[in-house]
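# Observations on chain architecture
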Amino acid sequence: MSDFILLWVHVLGLAVFFGSGVTLLVMLLPPAAQIDDPAEKQTFLAKGLKYYNPLSIGSLGVVLMTGAWNLTSFKAKPGLSFFTPEGYLSDFGSLLSLKLLIVFFLINVSAAVSLGMGHRIVRTEVRGEAFPSDKLPGLVKRMQIFTILALALTAWIVWISLDMTRIGLVVSGMGSS
């Protein structure tokens, strides 16, 4: 039962993470790009990013921790043959290696959006300072590009995970090849 709950917490964390990225991309950044006054744009962005940053990084943390927890118990079953070519899960191990590599890039891209660019805007607003007006449009554009990249990496990770599930079902005899 605990594996079932852990899986659902993992999926829920993924939904919150993906949803926060879509919300940033669709509901916060486009209206901000339409605001001409740099001070208004900064205030508008800071109000939204104040909630986005912890939600995004927190939900990504939940996904990472629950994924690691699930993986640790799963890897213990085949032991050392997990990644070896003669191991019964070698295809699974190859996909897992690719997934972990993409997750590494996703963590870096997401941290750049939230902790790098987003936090910088919020911190500047909280201090009552003005973000350089010539740099704000470029920063918003970079946040948009990085968020699209994060969503694409997330979708790729989900695709790989579905393939891993298919392999696991075939190996366990519950699915067809």
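Residues numbered from 1 in each chain as written. Predicted model: local features only at pLDDT ≥ 70, side-chain atom pairs only at ≥ 80, totals over all residues. Heavy atoms only, no water.

Turning to the overall build of the protein, a few remarks are in order. Helices and strands together make up the secondary structure of the protein, namely four helices and zero strands. Helices (α) and strands (β) of the protein occur, in sequence order from the N terminus, as α-α-α-α. Going through the 177 residues of the protein one by one, you find that 35% of them count as buried. The contacts of the protein with a sequence gap of at least 6 include a subset with a gap of at least 24, amounting to 76%. Accessible area for the protein stands at about 10,400 Å²; split by element, carbon and sulfur atoms hold 70% of it. (Helix = DSSP H or I, 4+ residues; strand = E, 2+ residues; numbered from the N terminus. Buried < 20%, exposed > 50% of the residue type's maximum accessible area, 1.4 Å probe, protein only. Contact = heavy atoms within 4.5 Å. Areas by Shrake-Rupley, 256 points an atom, 1.4 Å probe, with all protein chains shown as cover.)

A few words now on the nonpolar core. Residues Leu24, Leu29, Leu45, Leu49, Val113, Ile121 and Met143 are the most contacted members of the largest nonpolar core, which totals 17 residues. Within the residue set of this core, elements represented by two or more residues are α1 (2–34), α2 (38–76), α3 (90–126) and α4 (136–172). Dropping the residues within four chain positions of it, Met143 is found in contact with Leu24, Leu29, Leu49, Val113, Met117, Gly118 and Ile121. One finds Phe17, Leu95, Leu96 and Ile157 within the second-largest nonpolar core, a separate group that totals 16 residues. (Core = buried A, V, L, I, M, F, W, Y, C linked by side-chain atoms within 4.5 Å.)

To continue, consider the environment of Leu55. Take Leu55: it is sitting in helix α2. The partly exposed category is assigned to Leu55, whose relative accessible area is 43%. Taking the C-alpha atoms as reference points, Leu55 and Ser20, 35 residues apart in sequence, are found 7.2 Å from one another. Those residues in contact with Leu55 that lie beyond four places of it in its chain are Val16 and Ser20.

Moving on, we get to α1. Helix length check: α1 (33 residues) gives 47 Å between terminal C-alpha atoms against 48 Å at 1.5 Å per residue, within 8%. A bend of about 35 degrees at Leu24 is the largest found in α1. The complete set of buried residues in α1 reads Leu6, His10, Gly13, Phe17, Ser20, Gly21, Leu24, Leu25, Leu28, Leu29 and Ala32. (Expected span 1.5 Å × (residues − 1). Bend = angle between axes of the 7 residues up to and from the residue.)

Together, Phe4, Ile5, Leu7, Trp8, Val9, Val11 and Val62 make up an exposed nonpolar region whose accessible area comes to about 610 Å². Here the nonpolar patch gets six residues from one element, more than from any other, and that element is α1. In this fold, Val9 is placed in helix α1. (Patch = residues over 30% accessible without salt bridge, like charges linked within 9 Å, V, L, I, M, F, W, Y side chains within 5 Å. Salt bridge = Lys/Arg side-chain N within 4 Å of Asp/Glu carboxyl O.)

The next point concerns the packing of aromatic side chains. Evaluated as defined, the whole model comprises two aromatic pairs. With 6.2 Å between their ring centres and 65 degrees between their planes, Phe4 and Trp8 make a pair best called edge-to-face. A residue pair is termed a helical-turn pair when its members lie 3 or 4 positions apart in one helix, as Phe4 and Trp8 do in helix α1 at four residues. Relative accessible area serves as the criterion here: at 47%, Phe4 is assigned to the partly exposed category. Ring centres of Phe104 and Phe105 lie 5.6 Å apart, and the angle between their planes is 70 degrees; on these two criteria the pair is classed as edge-to-face. (Phe/Tyr/Trp six-rings, centres within 6.5 Å; stacked < 30°, edge-to-face > 60°.)

Attention now moves to the environment of Thr23. Assignment of secondary structure puts Thr23 in helix α1. According to the relative accessible area criterion, Thr23 is partly exposed, its value standing at 41%. For the pair Thr23 and Tyr52, spaced 29 residues apart in sequence, the C-alpha to C-alpha distance is 8.7 Å.

Turning to the side chain of Asn53, a few remarks are in order. Position of Asn53 among the secondary structure elements: in helix α2. When its relative accessible area of 8% is taken as the criterion, Asn53 is described as buried.

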